[in-house]
Structures are given as C-alpha cells and as structure tokens.
Amino acid sequence: MNRKMLIRQMAERQQISMSQAKVQLQYILASLTQALREGEKVYLPQFGTFELRYHLPRNGRNPQTGEPLEIAGGNQPSFKASPSLKQALLQD
C-alpha cells in the first residue's frame with residue numbers, strides 16, 4: 001500500500017473526500033515527526049511505539065576500495081509493534 005492508496009482507504013472508511021483524508025494524514029505524520037524531534041515516544045495502543053534510538057559510531061569499510069572509515073552515530077527512528085498487532089498479523 002502506498003500513500004495514495006492509504007488516503008483513498010481513509011476517505012472511503014470515514015466517508016470523506018480524498019483531500020480531507022490527505023490533510024488528516026498530513027496532520028498525523030507532522031505530529032508524529034514533531035514528537036520524535038522533541039525526543040518523545042509515541043505510543044499508540046493496539047498498534048505500537050515509535051521512538052528514537054541512538055546508535056553509537058562504528059568502524060566500517062568502503063566496499064569498493066576496502067578503505068576503513070568511521071560511520072557516524074546518531075538517532076534513528078524505530079518502531080516496535082504491540083503484541084496485539086503482532087497477534088492480529090498472525091491470524092489468517
């Protein structure tokens with residue numbers, strides 16, 4: 001499913017226009033992004049948790065030249081599915 005398909009499905013389920021659904025999705029994503037920027041965890045019951053995880057710098061190697069290099073550390077977004085979401089995905 002891509003963004004356009006998600007917007008279409010949101011519009012159909014809520015019986016609203018696609019432009020209204022697009023705005024709703026933009027607000028959701030902007031709120032999620034802002035919360036992560038501020039260092040907050042975003043917990044959505046029955047779905048999962050979005051958070052930032054810090055990865056330490058590490059040594060790597062350029063695959064073309066074999067030259068060693070340092071890979072910078074930093075925050076990476078992470079998602080952990082809730083047990084209920086995992087269970088729902090296993091039921092088929």
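What you are looking at is a predicted structure, and each value in this text was computed from that prediction instead of being measured.

About the criteria used
Residues numbered from 1 in each chain as written. Predicted model: local features only at pLDDT ≥ 70, side-chain atom pairs only at ≥ 80, totals over all residues. Heavy atoms only, no water. Helix = DSSP H or I, 4+ residues; strand = E, 2+ residues; numbered from the N terminus. Buried < 20%, exposed > 50% of the residue type's maximum accessible area, 1.4 Å probe, protein only. Contact = heavy atoms within 4.5 Å. Areas by Shrake-Rupley, 256 points an atom, 1.4 Å probe, with all protein chains shown as cover. Lys, Arg positive; Asp, Glu negative; His and termini not counted. Charge placed at Lys NZ, Arg CZ, Asp CG, Glu CD. Domains from an automatic or database assignment. Buried area = accessible area lost by both parts, 1.4 Å probe. Polar contact = N/O pair within 3.5 Å; in protein donor to acceptor, adjacent residues only side chain to side chain. Nonpolar A, V, L, I, M, F, W, Y, C, P; charged D, E, K, R; others polar. Phe/Tyr/Trp six-rings, centres within 6.5 Å; stacked < 30°, edge-to-face > 60°.

(A) Structural detail: the overall build of the chain. Broken down by element type, the chain carries three helices and five strands. Each helix (α) and strand (β) of the chain, taken in turn from the N terminus, gives the series α-α-β-β-β-β-β-α. Here the chain holds 92 residues, and the buried ones make up 18% of them. Considering only residue pairs separated by 6 or more positions, the chain has 27% of its internal contacts joining residues 24 or more positions apart. Looking at the chain as shown, the accessible area adds up to about 7700 Å², and 53% of this sits on carbon and sulfur atoms. Looking at the chain, you have 12 positive and 7 negative side-chain charges, and the mean spots of the two groups are 5 Å apart.

(B) Representation of the domain arrangement of the chain in the model. Domain annotation for the chain reports domain 1 (1-38) and domain 2 (40-91). One C-alpha centre belongs to domain 1, the other to domain 2; they are set 23 Å apart. At the junction of the two partners, domain 1 supplies four residues and domain 2 supplies five residues. If you sort the residues of domain 1 by the area they bury against domain 2, Leu32, Ala35 and Leu36 come out on top, with a joint share of 85%. Counting the contacts that link domain 1 with domain 2 gives one residue pair in polar contact (both at pLDDT 80 or more). A class-by-class count of the residues in the side of domain 1 that touches domain 2 yields three nonpolar, no polar and one charged.

(C) Up close: the packing of aromatic side chains. Inspection of the entire model under this criterion finds three aromatic pairs. Ring geometry for Phe47 and Phe79: centres 5.3 Å apart, planes at 50°, overall tilted. Of this pair, Phe47 sits in the loop between strand E1 (42-44) and strand E2 (48-55) while Phe79 sits in strand E5 (residues 74-81), placing them 32 residues apart in sequence. Through pairs of rings, three or more aromatic residues link up here, namely Phe47, Phe50 and Phe79.

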